[in-house]
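# Report on the structure
Spelled out, the chains give:
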Amino acid sequence: MEQKKLFSEPVKYDLTFAREIYRLENGSYIKQCMNCGMCAISCATKDIMDYSPRKLFNLIKLGKKEEVMNANTIWYCTSCCTCKARCPRGIPIVDVMHDLKKYAIEQGSDDYPQSAFYKAFWKEMSSRGRMFEGGVTARYFLMRGLDEIMKAFSMKDVGMSMLKHGRLPLLPPKKLKGMGGLKKIIRKARELERKEAR
Ligand code: SF4
Ligand code: SF4
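Residues numbered from 1 in each chain as written. Chains lettered and ligands numbered in written order. Predicted model: local features only at pLDDT ≥ 70, side-chain atom pairs only at ≥ 80, totals over all residues.

## Re the site of ligand 1
As a reminder of what qualifies: Here, nearness means that the C-beta atom of a residue, built from backbone geometry, sits within 6 Å of the molecule or strand in question. Put simply, DSSP marks the helices as runs of H or I at least four residues long and the strands as runs of E at least two long, and each gets a number from the N terminus on. Residues were grouped as follows: Ala, Val, Leu, Ile, Met, Phe, Trp, Tyr, Cys and Pro as nonpolar; Asp, Glu, Lys and Arg as charged; and all remaining residues, including Gly, as polar.
In the vicinity of ligand 1, 15 residues are found, and the nearest of them are Cys33, Cys36, Met38, Cys39 and Cys87. Among the secondary structure elements, those contributing two or more residues to the shell around ligand 1 are α2 (38-42) and α3 (53-61). Counting residues per element, the shell around ligand 1 draws most heavily on α3, at 3 residues. Within the shell around ligand 1, the residues separate by chemical class into 11 nonpolar, 2 polar and 2 charged.

## Here's the deal with α3
Keep this limit in mind: In this scheme every C-beta is placed from the backbone, and a residue whose C-beta has 20 or more other C-beta atoms within 10 Å is buried, one with 12 or fewer is exposed, and one in between is partly exposed. Placing a C-beta atom from the backbone of each residue, one calls two residues in contact when those atoms lie within 7 Å.
In terms of residue burial, α3 counts as a mostly covered element, since 7 of its 9 residues are buried. Residues of α3 that are buried include every one of Pro53, Arg54, Lys55, Leu56, Phe57, Leu59 and Ile60, and no others. Among the structural elements, α1 (16-22), α2, α4 (65-70), α5 (73-76), α6 (82-86) and α7 (93-107) are those in contact with the buried residues of α3.

## A few points about unusual backbone geometry
In this structure, Ser79 takes a positive phi of about 60° despite not being glycine. Structurally, Ser79 can be placed in the loop between α5 and α6. For Cys81, which is not glycine, the phi torsion reads 75° and is therefore positive. Along the chain, Cys81 turns up in the loop between α5 and α6.

## Some thoughts on helix α12 (residues 179-197)
What counts here: Helices are assigned an expected span. That span is 1.5 Å times one less than the residue count.
Across its 19 residues, α12 extends 27 Å between first and last C-alpha, which sits within 8% of the 27 Å expected from 1.5 Å per residue. The buried fraction of α12 amounts to 0 of the 19 residues, a small share that puts the element mostly on the outside.

All we've got here are geometric facts, nothing functional implied.
Laid out in C-alpha cells, this is it:
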C-alpha cells in the first residue's frame, strides 16, 4: 500500500517579486514589519480588504506576486494614515501603499475603479492645473467602459442635487495662469524619479 505522505512538498518561493518591491521608494520598510497587527486592527477598511496591510506585507515577503497584485487591498486603502501613526516600527504604511499602487499601474494590474479615478484626476489636473469635477467624471466613465457609463445613470439624482447646490459646475474653470511652470515642475519630478530608479 502506498505510504500516505505526512508532510506536503516544501513550498518554493520566488523572491524576485519581493526584491522588486523592496527597491520601490518606501519598499524596504516592509522588511522591518514585526507582524504585530496594529495596522490591521487600526484600519477602517480592513474588513473589505482581501488582506490586511500586515498580511499583504507577509505575502510580499514570500514573493507571492499574483496574490498581491490581484488583491483589492491597495485600492481600498484610503490613505487615512492611521496605520502609519500607530505602527510601532514607524513604517510609513500609507507611502508603501502608494508605491504599490504605482507599481500595479505600471504592471497593468490595476483593473479597479480607484485606479481609473486616480488616472482621471491626474489627467485633469495636469492638463488644466485646476480641478474640474465634470472633466474627471467624464474621463473616469470613459476609461471604465459602457457598463460603468450605464451605472452612472443610476446616480443621476446625486448629480442633479450637486448641480442644484453649485457643487458640480457645468463649465470648466480657466486654465492655471502658470501652466508652463506647472508642466516644468512635473517634467522635473519625472526626471528625478527616472534618475532614482536607475
Ligand atoms: S503595525 Fe507595523 S509592524 Fe505592526 S504589523 Fe503593521 S506594518 Fe507590521
Ligand atoms: S492608510 Fe490605508 S491601510 Fe492604513 S489604516 Fe488607513 S486605509 Fe488602512
